[in-house]
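Understanding the architecture of this molecule
Chain by chain, the residues run as shown.
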Number of protein chains: 4
Amino acid sequence: MQLGMIGLGRMGGNIVRRLMTQGHTTVVYDKDPKAVAALVADNATGSSSLEDFVLKLEAPRTAWVMLPAGKITEATIEALSKLMQPGDVIIDGGNTFWQDDVRRGKALRERGLHYVDVGTSGGIWGIERGYCMMIGGDKKVVDRLDPIFKTLAPGIGDIPRTSGREGRDPRIEQGYIHAGPIGAGHFVKMIHNGIEYGLMQAYAEGFDILKNANIEALPAEHRFDLDIADIAEVWRRGSVIPSWLLDLTASALAQNHTLDNYSGFVEDSGEGRWTVNAAVDEAVPAEVLTAALYTRFRSRKDHTFAEKILSAMRAGFGGHKEPPKKA
Amino acid sequence: MQLGMIGLGRMGGNIVRRLMTQGHTTVVYDKDPKAVAALVADNATGSSSLEDFVLKLEAPRTAWVMLPAGKITEATIEALSKLMQPGDVIIDGGNTFWQDDVRRGKALRERGLHYVDVGTSGGIWGIERGYCMMIGGDKKVVDRLDPIFKTLAPGIGDIPRTSGREGRDPRIEQGYIHAGPIGAGHFVKMIHNGIEYGLMQAYAEGFDILKNANIEALPAEHRFDLDIADIAEVWRRGSVIPSWLLDLTASALAQNHTLDNYSGFVEDSGEGRWTVNAAVDEAVPAEVLTAALYTRFRSRKDHTFAEKILSAMRAGFGGHKEPPKKA
Amino acid sequence: MQLGMIGLGRMGGNIVRRLMTQGHTTVVYDKDPKAVAALVADNATGSSSLEDFVLKLEAPRTAWVMLPAGKITEATIEALSKLMQPGDVIIDGGNTFWQDDVRRGKALRERGLHYVDVGTSGGIWGIERGYCMMIGGDKKVVDRLDPIFKTLAPGIGDIPRTSGREGRDPRIEQGYIHAGPIGAGHFVKMIHNGIEYGLMQAYAEGFDILKNANIEALPAEHRFDLDIADIAEVWRRGSVIPSWLLDLTASALAQNHTLDNYSGFVEDSGEGRWTVNAAVDEAVPAEVLTAALYTRFRSRKDHTFAEKILSAMRAGFGGHKEPPKKA
Amino acid sequence: MQLGMIGLGRMGGNIVRRLMTQGHTTVVYDKDPKAVAALVADNATGSSSLEDFVLKLEAPRTAWVMLPAGKITEATIEALSKLMQPGDVIIDGGNTFWQDDVRRGKALRERGLHYVDVGTSGGIWGIERGYCMMIGGDKKVVDRLDPIFKTLAPGIGDIPRTSGREGRDPRIEQGYIHAGPIGAGHFVKMIHNGIEYGLMQAYAEGFDILKNANIEALPAEHRFDLDIADIAEVWRRGSVIPSWLLDLTASALAQNHTLDNYSGFVEDSGEGRWTVNAAVDEAVPAEVLTAALYTRFRSRKDHTFAEKILSAMRAGFGGHKEPPKKA
């Protein structure tokens, strides 16, 4: 099956490569001609503009947009939609806010265009492991694209099957899901990332407590000098908490026990924030997912204004002078 | 009534002064002779050693220990108890862990000595406003000391009376309470401080959101350049959230809108931690009091190890490189 | 000065009454004729429809809309705006989402109408204490309405003045603030309520720990049977944590120590949610304000689905059977 | 190698069975003769009392105590230690508080007895998967017991090796670690369980948001009716968040999508609490691990007293009447 791909970064490029190794054909476009050339060298059909890209696709066209930021995705889809024809499909495979999908899908439908949102997980490892895909859109359109999704998905692999799933949608065990109407794909992906933040923070706090088990403020008989790298490794086998995230942690610690090669300045993408917004809209208490997000916010500041307010109050009622911050 | 005071810092010295202005007599001791001399100049009887201090008190003696740190309080009470006689009373008015009171009271009782724990609130303002006292100990002993507590307490003042309290313990409205047996005083004071942390943090976060309402990341039509000092002031009148803590905030902001004279490095004393421990022991979810404590922990670090773990994981699964920390 | 008021509930009715006692004239409307009649009896000019209401106002008209829910406020302002003329002012004094103000103000401006958003604090006590008002809008319009705001505000009263405020906007000390352009009033009020949630939760958790200090799971020597009503009362005098919210708590506990006349089912209005959204948009960690909101969400559920997930996992890995919930 | 086991519940019994299948010999004791008989049938040597148990062990003896509750473990080790002789080893493999290990190890050392604490993970699945063991104790003693630990550990299995671990302690990759001196084993196990709570809660909250994505309070165009069971399953393949805990969730949901066979009343064992205490002692902000614990506390209550305080305050300032709790 033919797929057009716009945006040939780490994710888009690898998706195209994975598709081509399974016999699909691709037309690719990126504003950076070098990125196009690299994939042309791998047998993709290159294009030099959005117009050229659309021309090289066979109707009904399928264009997968895989761009990083919200604004450029919006602008690209807008431009693309003006070049496409009724019956064509635009897939947004990036990290788009699901409410934008809903709005956009409605607008495109009025012009006869189909829209599919695909939450794509797998990161830089996806080309090998396959991509877990969470898909939103009309049934007919999603079904039509099945050969693409099937190829990109990781497949059953050697992961044990869950009992009790006999007779259920077989795509799920292949690693992709048609989650619901337009927006549902990115909604489910958003929660995936929200959970990811929480899982990461749970590990991070645990290792932090292990790391600080030897501080001088503790009584001598209650101090331990622990090997964090070994502990991360041992938990990978037979414990209750193994996961890929733990694997990555064990790997990083094996390279550098102190992690002093990392800044501790932690970015967040939109999904963590939208997850909190969704929790608030639904009145679901999401303490852990929210705390995980807030920790990232805090990691990017020297001091919060809130902390200065606390210092000021303490000076006011108790004459406390806070010492300068430790290095 | 006569009271002995050991420890003539801000709190101990002011307590002695407030007592003397109401006709009580005091014997004072501090390891710093200058501190003793300052109070002798205000009519206190000075002493040059713990032995001398005890000799100058009339039996049954009442010695109030008002020292900052746990270890020196423990050592002083231990030394003092060896000099005192059955029927004498030791008051610990500092910020002692209530479980230490329980242990200590039991040990002293075996030697015929009385022990009273007094959680004392009021800070540097207490000499004028009076001290809110939360008292633990045997009824007879606490009753015997009533003249002291009555003088130190703020009294009804101009604070409106709560209806429905007719016939109840009149000491409460004077600002002191016999909360229960030994340890109960500091237990209640601990919770007072735990709540204080939570209240402070609630204001602090609110002002932080106001302060950041004008950041560039926000859409232009949703940005506000707010005058934080004026907002703190206006809330003092007629809103739902006035308090002394808000007064202090308004005062600090009136002096310096940016609070850049404060570090934002926020200490915590034991009470906040013991409050969390008590919540855990009682299986009471105390999200806010705990978050308020953790914020202080975080304020004293450049980066947590947890954050470096997050950076490391992100590098592992997505190839994300975290930028260096902003100044 | 003349003011029209639409919505004669607790808040709207009392605002009208407070204005009239100071010589202002009012025109009132409510879809419930009885509410109109009650205020007519107090000297307001009644009206029988929105049309009638507008007719009875002198140009340039000032109409204060004080309605509970977002949808009815929106619809009423929409209808009202069609009846009003350039130069007239619509005030939204309810608990409106500030982004709705921004949108609405822009739309009205195109029709020559002025819009002012007033966050109004004071609850049922405002008629006596006055209302703390946080105002957003164009300077000229807000200045024109000053006689209204001045009358509604609590005034300096007996609250001590903050030093360092000499030469600053004198309205602030009267209890009202022109916080910024349209939307700023409700934005500041939103944060006020967010802080309120945090303060309430801090007290609530503290009392919860006090209440549970006597549970059987604790060691006998570490249990206390505390009088919560007395503790709330004693903290009102000389402690660090007095506030109106504490007064209300002490009052409720004086009536009923167990509070078993209260359900513990706690509603939230939009402000707490919008505060969290604002924190997320600004990347401000707001742990306490968020936890306070989530506690309310949780209070309204029998069990969360999250808890059932936990039960299911525990059954899966450990064979744990969770006992039925305690009454 | 010979091992004595006291406590033949799920964990103790399976450990004995796993050892015997690999050629180790065992002496077993349980206060329930049926439990002893069941293992005798599987070739263990039974015993009828602690005395008999000790007699049947060859010196130097190794007795593994695997009992559920803290008190019975304490009493059993105390009784056992009186029967054992210098050079013998007592292993506590249960969920013991690490500070109890430190105290106990010190007392036993004075009598010439060795003590080893083993945090044992693996639950009911350990007999097949092996047990991840975190061990504290003197090096010589832990080394002497290596054949036991090696057999119980899961081994490398098919879990990929972490690069960069060449030349490091090979036991780690087998799934067991000598973490440090007495207490270190249970300390590390405690953090393992603390992390486990956090991971579980992260998943639980995510599924809760998915589950509530279709509530009526949401705008119609923003509602999704999602198949939670399918989503749990799809995330098992190729996403960032697979784990054994997710496997268990997918399995439970495959059986019953609503989980209405689970109460949502969630117990906590000591480790989660001790983790929070350790974080507080070390001044490590552990938001997520703490929130996960508090959620469990809350799950076991109908309403907290804190919530009633909130209701009471709301009634006080706004006249709000909270509706009765929803079923």
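None of these values were measured; they are calculated from a predicted model.

Right, let's talk about the packing of helix α10 (residues 184-211) of chain C against helix α15 (residues 305-318) of chain D for a bit. Where α10 of chain C meets α15 of chain D, the closest approach of the two axes is 8 Å, and the angle between their N-to-C directions is 130°. Judged on the interaxial angle alone, α15 of chain D and α10 of chain C are oblique. Taken as a pair, α10 of chain C and α15 of chain D cross one another with a handedness that is right-handed. Of the residues in α15 of chain D, those in contact with E196, M200, Q201, Y203, A204, E205, F207, D208 and K211 of chain C of α10 of chain C are F305, A306, I309, L310, M313, R314 and F317 of chain D. Within the contact of α10 of chain C with α15 of chain D, the residues separate by chemical class into ten nonpolar, one polar and five charged.

Residue and element names in this part refer to chain B. Overall, mixed pairing links the eight strands, which are arranged β3-β2-β1-β4-β5-β6-β7-β8 in an open sheet. Here the strands that pair on one side only, and so sit at the sheet edges, are β3 (45-46) and β8 (176-180). By the bridge criterion, two bridges tie strand β2 (residues 25-29) to β3 in an arrangement that is parallel. Looking at the pairing, V28 lines up with G46 of β3. In this fold helix α5 (residues 98-110) packs onto β5 (89-92) and β6 (114-121), with an angle of close to 150° to the strand it touches most, β6.

Turning to the packing of helix α15 (residues 305-318) of chain C against helix α12 (residues 244-255) of chain D, a few remarks are in order. One can describe the packing of α15 of chain C onto α12 of chain D by two numbers: an axis separation of 9 Å at closest approach and a directional angle of 105°. On the basis of the axis angle, α15 of chain C is roughly perpendicular to α12 of chain D. On α12 of chain D, the residues that touch F305, I309, A312, M313, G316 and F317 of chain C of α15 of chain C are W244, L245, L248, T249, A252 and L253 of chain D. When the residues that make up the contact of α15 of chain C with α12 of chain D are grouped by side-chain class, the tally is ten nonpolar, two polar and no charged.

Turning to the pattern of salt bridges, a few remarks are in order. Following the criterion strictly, the structure yields 92 salt bridges over all chains and no others. Residues E78 of chain C and R111 of chain C are paired through a salt bridge, measuring 3.8 Å at the closest nitrogen-oxygen approach. Taken together, the residues E78 of chain C in helix α4 (residues 70-83) and R111 of chain C in the loop between α5 (98-110) and β6 (114-121) connect sequence positions 33 residues apart. Given a relative accessible area of 35%, E78 of chain C falls into the partly exposed group. Taking the relative accessible area as the measure of exposure, R111 of chain C reaches 37% and is therefore partly exposed. The closest approach of N and O atoms between D143 of chain D and K139 of chain D, which form a salt bridge, is 2.5 Å. Of the two residues, D143 of chain D and K139 of chain D are both situated in helix α7 (residues 139-144); the distance of four residues between them amounts to about one turn of the helix. Classification of D143 of chain D as partly exposed rests on a relative accessible area of 31%. Residue classification places K139 of chain D among the exposed residues on the basis of a relative accessible area of 57%. A single salt-bridge network, built from bridges that share partners, covers E74, D92, D100, R103 and R104 of chain A.

Our next topic: the relation of the copies chain B and chain C. Turning chain B through 180° and shifting it by 0.0 Å along the axis lays it on chain C, with an RMSD of 0.1 Å. Here the two chains are linked by the operation of a two-fold rotation axis. Both copies present the same face, since 100% of the interface residues in chain B are matched by interface residues at the equivalent positions in chain C.

So, how was this worked out
Residues numbered from 1 in each chain as written. Chains lettered and ligands numbered in written order. Predicted model: local features only at pLDDT ≥ 70, side-chain atom pairs only at ≥ 80, totals over all residues. Heavy atoms only, no water. Axes fitted to C-alpha atoms, helices over the stretch in contact; angles between N-to-C directions. Helix = DSSP H or I, 4+ residues; strand = E, 2+ residues; numbered from the N terminus. Parallel < 35°, antiparallel > 145°, perpendicular 65-115°, else oblique. Left-handed = near helix turned anticlockwise from the far one by under 90°. Contact = heavy atoms within 4.5 Å. Nonpolar A, V, L, I, M, F, W, Y, C, P; charged D, E, K, R; others polar. Pairing = 2+ DSSP bridges. Salt bridge = Lys/Arg side-chain N within 4 Å of Asp/Glu carboxyl O. Buried < 20%, exposed > 50% of the residue type's maximum accessible area, 1.4 Å probe, protein only. Least-squares fit on C-alpha atoms with pLDDT ≥ 70 in both.

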